Amino acid sequence: MARVLILHTGGTLMMRGGDPSPLAPDVYTSDLLTELPVLRKIGDIESRILFNLDSADMQPHHWVELAAAVHENLPRYDGVVVVHGTDTMAYTASALAFLLPGLDRPVVFTGAQRPLVEVRTDARANLVDACHLATMKIPEVAIAFSSQLLRGCRAVKLDAWAMAAFGSPSCRPLAELGIGVELAPHVLPARAAVPFDPRIEPRVFLLRTFPGLDPSVLFAILAQDVRGLVIEAFGAGNVPRL
């Protein structure tokens, strides 16, 4: 049987509470295989708790710790599934795509808009899809959500209300799940493993341009200890004259 490791980092999928109380990270006392015994049909599933965070609290040092855990454990499994909150899932998946350049098997992120313990939830389908995709020949960091698998560094959260929360406007899904699983031709080939490099630069600022932007804001940013500046321009790259 295929071997899949689930790394839990937090997020709505394993949260408790809700209407009228706010959702909060649970203590993860319930066993995923007890809640979803169908996972045993996919393969030998093992789960571990790495963090138990609201994803809004995820920081670059968490990305490095998660990437190191995946890099260390991946050779012993056919794939890794990362349970993550949806708010910053695309950021973490993108970071891991660069922290793990040498992949020969899948690293699949998933989460949910509603907790697993609720009757009406997307968590069950997303988790089953993620585990199934983690056994396939898809050597990429990707996001499994709402019957699609999106390239991790090309995905973005588009909707905070709909179950289909993620999209990839400029890159077709790597896989679509219907009656079967249809893999796209642009799935990357397997790459040779490389030593883990934990270096990541958090002192990068993203500036979105807009009409009326005060140039002094840009100059104030550049006066700080910023190592990189990304400017989100208009259209094909136009920016206002400063």
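Just above sits the structure.
An account of the accompanying structure is given in this report. (Residues numbered from 1 in each chain as written. Predicted model: local features only at pLDDT ≥ 70, side-chain atom pairs only at ≥ 80, totals over all residues. Heavy atoms only, no water.)

### Here we look at the overall build of the protein
In terms of regular secondary structure, the protein is built from five helices and 14 strands. For the protein, whose C-alpha radius of gyration is 19 Å, the value lies close to the compact-globule estimate of 18 Å for 242 residues. Principal-axis analysis of the C-alpha atoms gives the protein an extent of 60 × 50 × 35 Å. Looking at the protein as a whole, 44% of its 242 residues are labelled buried. When contacts within the protein are restricted to residue pairs at least 6 apart in sequence, long-range pairs at least 24 apart make up 68% of them. (Helix = DSSP H or I, 4+ residues; strand = E, 2+ residues; numbered from the N terminus. Rg over C-alpha atoms; globule rule 2.2 N^0.38 Å. Buried < 20%, exposed > 50% of the residue type's maximum accessible area, 1.4 Å probe, protein only. Contact = heavy atoms within 4.5 Å.)

### Examining the side chain of His-84
With respect to the helices, strands and loops of the structure, His-84 is situated in the loop between strand S5 (79–83) and helix H3 (89–99). When its relative accessible area of 1% is taken as the criterion, His-84 is described as buried. Polar contacts involving the side chain of His-84 include one to the side chain of Thr-92, which spans 2.9 Å. (Polar contact = N/O pair within 3.5 Å; in protein donor to acceptor, adjacent residues only side chain to side chain.)

### Structural notes on the state of the cysteines
Applying the stated criterion across every chain yields a total of zero disulfides. Unpaired in terms of disulfides, Cys-171 finds its nearest cysteine sulfur in Cys-153, a separation of 7.7 Å. (Disulfide = S-S within 2.5 Å.)

### Describing the packing of aromatic side chains
A full pass over the atoms with the stated rule returns one aromatic pair. Directly above the ring of Tyr-77 sits Arg-3, whose terminal nitrogen or CZ lies 4.5 Å from the centroid. (Phe/Tyr/Trp six-rings, centres within 6.5 Å; stacked < 30°, edge-to-face > 60°. Lys NZ or Arg CZ within 6 Å of the ring centre and 35° of its normal.)

### Remarks on the pattern of salt bridges
Taken as a whole and judged by the stated rule, the model has 12 salt bridges. Ionic pairing is found between Arg-3 and Glu-46, a salt bridge with its closest N-O pair at 3.5 Å. Residue Arg-3 is found in strand S1 (residues 3–10), and its partner Glu-46 is found in strand S4 (residues 44–53); the two are separated by 43 residues along the sequence. Accessibility expressed as a relative area gives 29% for Arg-3, which makes it partly exposed. Overall, the relative accessible area of 28% leaves Glu-46 in the partly exposed class. For Asp-197, the salt bridge is made with Arg-199, and the minimal N-O distance between the two is 2.8 Å. According to the relative accessible area criterion, Asp-197 is partly exposed, its value standing at 32%. With a relative accessible area of 68%, Arg-199 lands in the exposed category. What you see here is one network of salt bridges that share partners, running through Arg-3, Asp-44, Glu-46 and Arg-48. (Salt bridge = Lys/Arg side-chain N within 4 Å of Asp/Glu carboxyl O.)

### Quick word on the environment of Leu-96
With respect to the element layout, Leu-96 can be found in helix H3. Given a relative accessible area of 0%, Leu-96 falls into the buried group. The spatial distance from the C-alpha of Leu-96 to the C-alpha of Val-226 is 22 Å, given a sequence separation of 130 residues.

### Let's talk about the sheet that holds strand S8 (residues 148–151)
A sheet is described by the order of its strands in space; here eight strands give the open sequence S4-S1-S5-S6-S7-S8-S11-S12, paired in mixed fashion. The open sheet has two free edges, formed respectively by S4 and strand S12 (181–183), since each of these has just one partner strand. Looking at each pair of strands side by side, their axes are set apart by 20° on average, direction ignored. As paired strands, S8 and strand S11 (residues 175–177) are joined by two bridges and run antiparallel to one another. Along S11, the bridge assignment pairs Leu-149 with Ala-175. Against the sheet, helix H4 (residues 123–133) makes contact with S1, S4, S5, strand S6 (107–110), strand S7 (141–145), S8, S11 and S12, and its axis sits at roughly 175° relative to S6, the strand it touches most. (Pairing = 2+ DSSP bridges. Axes fitted to C-alpha atoms, helices over the stretch in contact; angles between N-to-C directions.)

### Focus: the pairing of S5
A large share of S5 lies buried, amounting to five of its five residues. Covered by surrounding structure in S5 are Gly-79, Val-81 and Val-83 together with Val-80 and Val-82, the residues of both alternating faces. Pairing of S1 with S5 involves five bridges; the strand directions are parallel. Directly across from His-8, in S5, lies its bridge partner Val-83. Pairing of S5 with S6, which is carried by four bridges, proceeds in the parallel orientation. Considered in S6, the bridge of Val-81 is made with Val-108. Considered for its hand, the β-α-β crossover made up of S5, H3 and S6 is right-handed. (Right-handed = clockwise from strand over helix to strand, strands pointing away.)

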